[in-house]
Amino acid sequence: AQTIHQWPVAEIKAVGSPLSLGCTIKGKSSPNLYWYWQATGGTLQQLFYSITVGQVESVVQLNLSASRPKDDQFILSTEKLLLSHSGFYLCAWSLVSYEQYFGPGTRLTVL
Amino acid sequence: AQSVTQPDARVTVSEGASLQLRCKYSYSGTPYLFWYVQYPRQGLQLLLKYYSGDPVVQGVNGFEAEFSKSNSSFHLRKASVHWSDSAVYFCVLSAWSNYNVLYFGSGTKLTVEP
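These numbers come from a predicted model, not from an experiment. (Residues numbered from 1 in each chain as written. Chains lettered and ligands numbered in written order. Predicted model: local features only at pLDDT ≥ 70, side-chain atom pairs only at ≥ 80, totals over all residues. Heavy atoms only, no water.)

Let us now look at the overall build of chain B. The number of helices and strands found in chain B is 0 helices and 12 strands. Put simply, chain B runs from its N terminus to its C terminus through helices and strands in the order β-β-β-β-β-β-β-β-β-β-β-β. Its C-alpha radius of gyration of 14 Å places chain B within 12% of the 13 Å reference for a compact globule of 114 residues. With the C-alpha coordinates aligned to their principal axes, the bounding extent of chain B is approximately 45 × 30 × 25 Å. Among the 114 residues that make up chain B, the fraction classed as buried is 46%. In chain B, 53% of the contacts between residues at least 6 apart in sequence involve partners at least 24 apart. (Helix = DSSP H or I, 4+ residues; strand = E, 2+ residues; numbered from the N terminus. Rg over C-alpha atoms; globule rule 2.2 N^0.38 Å. Buried < 20%, exposed > 50% of the residue type's maximum accessible area, 1.4 Å probe, protein only. Contact = heavy atoms within 4.5 Å.)

Structural data, given as C-alpha cells:
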C-alpha cells in the first residue's frame, strides 16, 4: 500500500529565516507530485507540480521553490520566510488518474 | 474559465438528520469531480469521485453525490449524519493541462450537533 509522509508536522519560524519542508511517497513508482498551500480556514492553492525527478514547475509565485531530488521525494523551501507564508502545506500524489491523494500536512507559523 | 462554487460556507445539522452540501462547477470540457473531506488539522481524504456513467456515485461512510450536467452541479448527500462527520468538505474539479490541475471550492464547514 502507498504511504505519504510529510515532515515536520509543524514549524514555528521567524520572519526572514530559511525553510525546508519535505514529502515522501512510498509504494508508488514515478508518481506526479504536488505542493499545496492552505491559509487558515481557507481553500487550497496549488503551488508546484512535478512529473519526474529533477523537473518541477511553478503554478504560482509565492517566493517559494521546490525540488524533486528523488523519485519519491519532494522538497519545498525558501531562503527567507515572510509572514504571508504561514499556513498549512500539503503534499499530494497522483498517477495517470485524475484524483490526487494528500499527505497529512505541515503547519507553518511565521512570527 | 473553470471554477467551483460552494455557496454554503457553514452548515449545521442535528445528528441523525439528512445532509446535502451544494456544489456548482463551471467547465467547458468533460468534468471529473470529487468530494474531499478535511478533519481538523489533517490532510484531505477522498470521499468519492465522478468520471462518467451513473450520475449518482457512492463514497465512503455512507456519502453519495449526484452529478447533473444540465445544472452543472455535484451535490453531496448523506441520509443520516453522525457527529464524527463534522469537518470541512471540499468540492473539486479536475482538469488536465500539461499536468493535473485541481480546482477547489471554498469549502463547507459541517457541524453536526448532538
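Attention shifts here to the environment of B:Lys24. Residue and element names in this part refer to chain B. Of note, Lys24 is situated in strand E4 (residues 24-26). Classification of Lys24 by relative accessible area gives partly exposed; the value is 38%. Between the C-alpha atom of Lys24 and that of Trp35, which follows or precedes it by 11 residues, the distance is 12 Å. Within the structure, the side chain of Lys24 is placed 2.6 Å from the backbone oxygen of Asn71, a separation counted as a polar contact. (Polar contact = N/O pair within 3.5 Å; in protein donor to acceptor, adjacent residues only side chain to side chain.)

The next subject is the interface of chain A and chain B. Taken together, the contact pairs 24 residues of chain A with 22 residues of chain B. For the pair chain A and chain B, the two sides together bury roughly 1800 Å², of which 55% comes from carbon and sulfur. At the junction of chain A with chain B, the criterion picks out 1 salt bridge. Measuring nitrogen to oxygen at the nearest pair gives 2.7 Å for the salt bridge that ties A:Glu99 to B:Lys49. Linking chain A to chain B there are 8 residue pairs in polar contact (both at pLDDT 80 or more). For the side of chain A that touches chain B, the elements supplying multiple residues, two or more each, are strand E4 (32-38), strand E5 (44-52), strand E9 (87-94) and strand E10 (101-102) of chain A. (Buried area = accessible area lost by both parts, 1.4 Å probe. Salt bridge = Lys/Arg side-chain N within 4 Å of Asp/Glu carboxyl O.)

Scanning the model with the defined rule gives 2 disulfides over all chains in all. With a sulfur-sulfur separation of 2.0 Å, A:Cys23 is cross-linked through a disulfide to A:Cys91. Note on the A:Cys23 and A:Cys91 pair: the S-S dihedral is about -75 degrees, so by sign convention the disulfide is left-handed. With A:Cys23 in strand E3 (residues 19-26) and A:Cys91 in strand E9, this pair connects stretches of sequence that are 68 residues apart. The pair A:Cys23 / A:Cys91 is uniform in exposure class, with both members buried. Put simply, B:Cys23 and B:Cys91 are joined by a disulfide, and their sulfur atoms are 1.9 Å apart. Disulfide B:Cys23 to B:Cys91: torsion about the S-S bond roughly -65 degrees, handedness left-handed. Of the two residues, B:Cys23 sits in the loop between strand E3 (19-21) and E4 while B:Cys91 sits in strand E10 (residues 87-96), which places them 68 residues apart along the sequence. Of the residues examined, B:Cys91 reaches a relative accessible area of 0% and is grouped as buried. (Disulfide = S-S within 2.5 Å.)

To continue, consider the packing of aromatic side chains. Using the criterion set out here, one finds 16 aromatic pairs over all chains in the structure. With centroids separated by 6.2 Å and ring planes inclined at 50 degrees, the aromatic side chains of B:Phe34 and B:Tyr36 adopt a geometry described as tilted. By the burial criterion, B:Phe34 is buried, and B:Tyr36 matches it. Within the aromatic cluster, the residues linked to one another by ring pairs are A:Tyr36, A:Tyr98, A:Phe102, B:Tyr32, B:Phe34, B:Tyr36, B:Tyr51, B:Phe90 and B:Phe104. (Phe/Tyr/Trp six-rings, centres within 6.5 Å; stacked < 30°, edge-to-face > 60°.)

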